[in-house]
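# Structural overview for review
The residues making up each chain are set out below.
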Amino acid sequence: MNVSFFKYQGAGNDFIMVDNRDLAFNHHQPALLARLCDRRFGVGGDGIMFLEYTEGFDFKMVYYNADGQPSSMCGNGGRCIVAFAKYLNVINSETNFLAVDGAHYAKISDSGDWVSLQMIDVETVNKDGEAYVLNTGSPHYVKFDLAVADKNVFEEGRAIRYNETYNAEGININFVEDKEDHLFVRTYERGVEDETYACGTGVTAVALAHAIEKNQIGKIETPIKVLGGELNIKFEYDGKIFTNIFLEGPAKLVFEGDIDI
Ligand SMILES: N[C@H](CCC[C@H](N)C(=O)O)C(=O)O
């Protein structure tokens, strides 16, 4: 079977995209998806996703982690699939699409490579020692630290992700350094089982945790730097619930190609 693949990246978090509106691709094949995401034996990516039609929305996003297993929400992937939908002329400058965590509104620049994606509201934020634990569409552990640039994120992240608290379900691990005019974030991602260059639901979790840490209330905007570039989080917080949360940043087409699989 010959399949057209598109490669996108959002601040270095990279994904394989497939236009599956004809449902020709049976994506319930973990070994195949994992091989396609392999950076030596396949196209390579932190995840793979399928754009499909669904009633009542412009499209549906079906997302799998690099291990080939179904995943929770991917924020950077959500921004990239909006850019892909515009590239396919499925949408113009705004959209409402369906993802694993529900409906998402997004808007995209005329240039087609900058996307602002609304994330789900967040009401529950727990603590694990000094760390924050919250779900922004995917589960996240947020630890404020120093000298994050020098950290062994793979080893330290993996140790937390597989500890007895989180081993069963897994969780994404974010290390944050407060640089005053921005936050610097590095993330160990579940299902990739390695550090990625950015994690959209991760930086969203970080921005919300930072608001609690700094007792911020009202309309808040948090600029964030990651290994792969810059992302921006905008949201409102009344001290109880986080609403109108937007994850904003680049979403770029890298290449497209065909493979016989
Ligand atoms: N690895 C995550 C899903 C992708 C999250 C990340 N790529 C993002 O941009 O939100 C998980 O299994 O929870």
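The structure reproduced in this document is the subject of the present report. As the structure is a prediction and not an experimental result, all values here were calculated from the model.

Describing an aromatic ring pair means giving the distance of the ring centres and the angle of the ring planes. With the rule as written, the count across this model stands at 13 aromatic pairs. Consider the rings of Phe6 and Phe84, whose centres lie 4.9 Å apart with planes at 50°: the pair is tilted. Separated by 78 residues along the polypeptide, Phe6 in strand β1 (residues 2–10) and Phe84 in helix α2 (residues 75–87) bring together distant segments of the chain. Phe6 sits in the buried class, given a relative accessible area of 8%. Residue classification places Phe84 among the buried positions, given a relative accessible area of 0%. A ring pair is formed by Tyr105 and Phe246, whose centres lie 6.4 Å apart and whose planes are at 85°; its orientation type is edge-to-face.

Below, the discussion takes up the nonpolar core. By size, the foremost hydrophobic cluster in this structure holds 54 residues, and its most contacted members are Met17, Phe59, Met61, Ile81, Phe97, Ile224 and Phe235. Each of two domains, domain 1 (2–118 + 251–260) and domain 2 (125–249), supplies a minimum of three residues to this core. Beyond its immediate stretch of four places on either side in the chain, Phe235 contacts Ala207, Leu208, Ala211, Gly218, Lys219, Ile220, Thr222, Phe242, Thr243, Asn244 and Ile245. The next biggest cluster of nonpolar side chains, apart from the first, holds 14 residues, and it includes Val3, Val18, Leu33 and Cys37.

All right, on to the site of the ligand then. What surrounds the ligand is a group of 17 residues, the closest being Asn172, Glu189, Arg190, Gly200 and Thr201. Here Asn13 contributes a side-chain N or O atom positioned 3.1 Å from a nitrogen atom of the ligand. Ser72 is positioned with one of its side-chain polar atoms (N or O) 3.1 Å from an oxygen atom of the ligand. The set of elements that each furnish at least two residues to the shell around the ligand consists of β4 (60–65), α2 and α4 (200–213). For the shell around the ligand, a count of residues per class yields five nonpolar, 10 polar and two charged. Of the residues that make up the shell around the ligand, three or more belong to each of domain 1 (2–118 + 251–260) and domain 2 (125–249).

The rules we used
- Residues numbered from 1 in each chain as written.
- Predicted model: local features only at pLDDT ≥ 70, side-chain atom pairs only at ≥ 80, totals over all residues.
- Heavy atoms only, no water.
- Phe/Tyr/Trp six-rings, centres within 6.5 Å; stacked < 30°, edge-to-face > 60°.
- Helix = DSSP H or I, 4+ residues; strand = E, 2+ residues; numbered from the N terminus.
- Buried < 20%, exposed > 50% of the residue type's maximum accessible area, 1.4 Å probe, protein only.
- Core = buried A, V, L, I, M, F, W, Y, C linked by side-chain atoms within 4.5 Å.
- Domains from an automatic or database assignment.
- Contact = heavy atoms within 4.5 Å.
- Near = heavy atom within 4 Å.
- Polar contact = N/O pair within 3.5 Å; in protein donor to acceptor, adjacent residues only side chain to side chain.
- Nonpolar A, V, L, I, M, F, W, Y, C, P; charged D, E, K, R; others polar.

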